[in-house]
Amino acid sequence: MLDLIEKSIREIPDFPKPGIVFKDITPLLSDARLMKLTLEYLLKGVPDVKIDKVVGIESRGFFFATLLAEHLNAGFIPIRKPGKLPYKVHSEEYELEYGTDELNMHIDAIIPGENVLIHDDVLATGGTALAAAKLVEKSGGKVVQLNFLIELAFLNGREKIKNYDVFSLLKY
Ligand code: AMP
């Protein structure tokens, strides 16, 4: 069944930049049966503790993060690029191949002490996930797991987030 999910992910060479093979999950999302199956597999990887909030990383992390939140009886929190969230934010800068980027989260999104699951579609170099984990910790949240649909293992992103529990459904 896992191979059905894997087969549905479309690889787009040189998008958005030359040299990057983009993992396009839209064919998976457009198939109701595969979406359900993917959600079931992701849920199996979640540690057996009470999750208070599921954080989704803009924008492709939102799809399964909201579904996970609903199934875990948890709230959903968006982490977004600068200038998108309307209220006061915590922000965290992180390194890109060239330059830096920034992620924001509302300051009141997480109550200190809450157990938080962070989800994104792809783990590449790990910079995005690490910044998201730091944002959660700035609010006093406990990161229970960094959860991904796809891990690009050859980029060794796990090294950057080795202090956290990491789960990924598909590894390349
Ligand atoms: P990184 O910070 O390098 O781990 O990059 C992870 C973020 O970039 C995630 O939010 C992904 O959605 C996106 N990303 C990185 N590489 C890819 C890829 N090959 N295909 C699709 N999305 C990617």
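For the structure, check the block above.
The present account deals with the structure reproduced in this document.

Close contacts around the ligand come from 13 residues, with Asp120, Asp121, Thr125, Gly126 and Thr128 the closest. The contact in question runs from a nitrogen atom of the ligand to an N or O atom on the backbone of Lys23, over 2.9 Å. The protein chains hide 82% of the 490 Å² of surface that the ligand would expose on its own. Taking a 2 Å distance to the grid points as the criterion, the majority of the atoms of the ligand fall inside the largest pocket. At the level of elements, β2 (21-24), β7 (115-123) and α5 (127-138) are the ones that each hand at least two residues to the shell around the ligand. A breakdown of the residues in the shell around the ligand according to their chemical character gives five nonpolar, four polar and four charged.

Right, let's talk about the side chain of Lys23 for a bit. Along the chain, Lys23 falls in strand β2. Setting aside chain neighbours within four positions, we find Lys23 in contact with Ile9, Arg10, Glu11, Val122, Ile150, Leu152 and Tyr172.

Before going further, it helps to examine the packing of aromatic side chains. Throughout the structure, instances matching the rule amount to two aromatic pairs. The interplanar angle of 85 degrees and the centroid separation of 5.2 Å between the aromatic rings of Phe15 and Phe22 together place this pair among those described as edge-to-face. For Phe15, a relative accessible area of 43% puts it in the partly exposed group. Look at Phe62 and Phe76: their rings are 5.7 Å apart centre to centre, the planes differ by 85 degrees, and that puts the pair in the edge-to-face class. Pair noted here: Phe62 is in helix α4 (residues 61-71) and Phe76 is in strand β4 (residues 75-79), with a separation of 14 residues, a long-range link. The partly exposed category is assigned to Phe76, whose relative accessible area is 28%. One residue, Lys23, lies across the ring of Tyr172, its end atom 3.4 Å from the ring centre.

What follows concerns the pairing of strand β8 (residues 142-151). Counted residue by residue, β8 has nine buried out of 10 residues, so it is predominantly covered. Traced from β7 through α5 to β8, the parallel crossover comes out right-handed. Where β8 meets strand β9 (residues 166-171), five bridges bridge the pair, whose relative direction is parallel. Bridge pairing in β9 links Glu151 to Lys171.

Thresholds applied
Residues numbered from 1 in each chain as written. Predicted model: local features only at pLDDT ≥ 70, side-chain atom pairs only at ≥ 80, totals over all residues. Heavy atoms only, no water. Near = heavy atom within 4 Å. Polar contact = N/O pair within 3.5 Å; in protein donor to acceptor, adjacent residues only side chain to side chain. Areas by Shrake-Rupley, 256 points an atom, 1.4 Å probe, with all protein chains shown as cover. 1 Å grid on protein atoms, 1.4 Å probe; cavity = no way out; pocket = protein on both sides within 12 Å on 5 of 7 lines; lining within 4 Å. Sits in = over half its atoms within 2 Å of the grid points. Helix = DSSP H or I, 4+ residues; strand = E, 2+ residues; numbered from the N terminus. Nonpolar A, V, L, I, M, F, W, Y, C, P; charged D, E, K, R; others polar. Contact = heavy atoms within 4.5 Å. Phe/Tyr/Trp six-rings, centres within 6.5 Å; stacked < 30°, edge-to-face > 60°. Buried < 20%, exposed > 50% of the residue type's maximum accessible area, 1.4 Å probe, protein only. Lys NZ or Arg CZ within 6 Å of the ring centre and 35° of its normal. Right-handed = clockwise from strand over helix to strand, strands pointing away. Pairing = 2+ DSSP bridges.

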